[in-house]
Amino acid sequence: DRLPELLRAMPKAELHIHIEGSLEPELIFQLAQRNQVGLAYPDVDALRAAYAFTDLQSFLDIYYAGASVLLKEEDFFDMAMAYYRRAQADHVVHAEVFFDPQTHTARGVPFETVIRGLTRAKETAQRELGVSSELILCFLRHLSEDEAFATLEQALPWRDHFIGVGLDSSERGNPPEKFARVFAKCRELGLRLVAHAGEEGPASYIRSALDVLHAERIDHGVRCVEDPALVERLAAERVPLTVCPLSNVKLCVFPTMAQHNLATLLERGLCVTVNSDDPAYFGGYVNQNYLEAFAALPQLHAGHAYTLARNSLEASFASDADKARWI
Ligand code: ADE
Ligand code: ZN
């Protein structure tokens, strides 16, 4: 069977990766020691053993705790370079990388420290690894819209360092409408717009992400199938969904990979992409997501592999010239 080799080797884009979710336990302990930060776990194995999640919130609690070791520009650089090396190994030619500035500024780490470290890694990855990328600033939806506005204010001097904004963290009870004004402002500024919706939250959050926030892509979006008219619309408008199969299983959105709706979404004609979300926490980088989904879903074959890879490149915010080189 040559399908696994095709999945590994085909050039692809990754459009849904939280850089803080690429922080491996080994690097967490290394940075904790370097920065003299205390951790709630004695060693790497104990930390990894805590990665047993029941829902999104149970993951976010441990994900924000892991990020507490990030203090210096070098820490953000080292974290991102480790991701870019893994992405290159998975034949990722282009990555659009989420970062959560509020997780860091809330601990007294200046926005400037975060963006400088990530930008230096982005430039190094392009130069030394041939991996192109863009940064997407995510607002934490469990915080207020005023706090999102304050973050945008801090980010504006660095406007040229990120391509767009997203919306992440605890979905249920934090609908897109809560961030209508700040997204309108970002739209005026010419920033690209994406939002997590329909991961744990209802299909109506996907509609609001499109109609209220004017999101150009939906992150996750797997619960769209609960609203057939919405599925029709997503297909007709070719709204990309950045699906993260391993994440969905680890966070119990689907009980098993065999029950994941990836094949159904493709069958309905949606512009689906495959991504890793938080690879250090969910059991693998982007190729592992392709491999496990295809292994568990017998309907998927080589034609779907090409479609998914082509979708990922097409749905990216890369220039038409770059897309023409890749597709
Ligand atoms: N932050 C990091 N990963 C996330 C996810 N899967 N959903 C919402 N917020 C996140
Ligand atoms: Zn995500």
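Every value quoted in this text rests on a predicted model; they were computed, and no experiment measured them.

Thresholds applied
- Residues numbered from 1 in each chain as written.
- Chains lettered and ligands numbered in written order.
- Predicted model: local features only at pLDDT ≥ 70, side-chain atom pairs only at ≥ 80, totals over all residues.
- Helix = DSSP H or I, 4+ residues; strand = E, 2+ residues; numbered from the N terminus.
- Expected span 1.5 Å × (residues − 1).
- Buried ≥ 20, exposed ≤ 12 C-beta atoms within 10 Å, placed from the backbone.
- Contact = placed C-beta atoms within 7 Å.
- Pairing = 2+ DSSP bridges.
- Axes fitted to C-alpha atoms, helices over the stretch in contact; angles between N-to-C directions.
- Left-handed = near helix turned anticlockwise from the far one by under 90°.
- Nonpolar A, V, L, I, M, F, W, Y, C, P; charged D, E, K, R; others polar.
- UniProt positions renumbered as here; feature names shortened; annotations may be inferred.
- Core = buried A, V, L, I, M, F, W, Y, C linked by C-beta atoms within 7 Å.
- Right-handed = clockwise from strand over helix to strand, strands pointing away.

Undergrad: Talk me through unusual backbone geometry; I want residue IDs and the actual numbers.
TA: The residue H214 is not glycine, and still its phi comes out positive at about 60 degrees. With respect to the secondary-structure elements, H214 resides in the loop between α10 (203–211) and β6 (217–220). Although it is not a glycine, C252 adopts a positive phi angle of roughly 65 degrees. Within the secondary structure, C252 is located in the loop between α12 (245–250) and α13 (262–267).

Undergrad: Hey, could you go over helix α7 (residues 111–129) for me, with residue numbers and the actual values?
TA: For α7, spanning 19 residues, the distance from its first C-alpha to its last is 26 Å, which sits close to the expected 27 Å at 1.5 Å a residue. Inspection of α7 places T113, V114, I115, G117, L118, A121, K122 and A125 among the buried residues, and these make up the whole buried set. Where the residues of α7 are buried, they touch α5 (73–89), β2 (92–99), α6 (101–105) and β3 (132–140). At the exit of α7 stands G130, carrying a positive phi of roughly 70 degrees.

Undergrad: Describe in detail the sheet that holds β3, supporting the description with residues and values.
TA: The sheet built from eight strands is open, its strands ordered β1-β2-β3-β4-β5-β6-β7-β8 with parallel pairing. Two strands close off the open sheet at either side, each with one partner strand: β1 (12–18) and β8 (272–274). Taken over all neighbouring pairs, the strand axes of this sheet differ in orientation by 25 degrees on average, direction set aside. Where β2 lies against β3, six bridges are found, and the strand directions are parallel. In the strand pairing of β3, E96 is matched with E134. Lying on the sheet, helix α15 (residues 286–296) is in contact with β1, β2 and β8; it crosses β8 at an angle near 115 degrees.

Undergrad: A description of the packing of α5 against α7 should follow, citing residues and the corresponding values.
TA: Following both chains from N to C, one finds α5 and α7 inclined at 35 degrees, their axes separated by 8 Å at the closest point. Pair α5 / α7 crosses with right-handed handedness. Contacts between α5 and α7 pair E73, E74, D75, F76, F77, A80, M81, Y84, R85 and Q88 from the former with T113, V114, R116, G117, L118, R120, A121, T124, A125 and L129 from the latter. In terms of residue class, the contact of α5 with α7 is made up of ten nonpolar, four polar and six charged.

Undergrad: A description of the UniProt feature "active site" (unreviewed entry) in the protein chain should follow, citing residues and the corresponding values.
TA: Under the UniProt annotation, "active site" (unreviewed entry) lies at E199. Assignment of secondary structure puts E199 in the loop between β5 (192–197) and α10. Taking the number of C-beta atoms within 10 Å as the measure of exposure, E199 has 24 and is therefore buried. Dropping the residues within four chain positions of it, E199 is found in contact with L56, E171, H220, V222 and V253.

Undergrad: Before we move on, can you summarise the nonpolar core with the specific residues and values?
TA: Formed by 94 residues in total, the largest nonpolar core has its most connected members in I19, F99, L118, I136, I206, A209 and V272. Filtering out sequence-adjacent residues up to four positions away, I19 remains in contact with M79, A80, Y83, V97, F98, F99 and L118.

Undergrad: Describe the UniProt feature "site: Important for catalytic activity" (unreviewed entry) in the protein chain, naming the residues involved and giving the relevant values.
TA: With numbering aligned to this structure, UniProt lists the feature "site: Important for catalytic activity" (unreviewed entry) at H220. Structurally, H220 can be placed in strand β6. Once residues lying within four places of it in the same chain are set aside, the contact partners of H220 are H196, A197, G198, E199, T242, V243 and C244.

Undergrad: Report on the pairing of β3, specifying residues and quantitative values.
TA: Counting buried positions along β3 gives seven out of nine residues, so the element sits mostly inside the fold. As paired elements, β3 and strand β4 (residues 164–168) share five bridges and run parallel to each other. By the bridge assignment, I136 is partnered in β4 with G164.

Undergrad: Any chance you could break down the pairing of β6 for me, citing the residues and the numbers?
TA: As judged from the four bridges shared by β5 and β6, these two strands associate in the parallel manner. Bridging across to β6, V194 finds its partner in R217. The handedness of the β5 to β6 crossover, carried by α10, is right-handed. Relative to strand β7 (residues 241–243), β6 runs parallel, the two sharing two bridges. Its bridge partner lying in β7, D219 is registered against T242. This β-α-β element, β6 to helix α11 (residues 228–236) to β7, shows right-handed connectivity.

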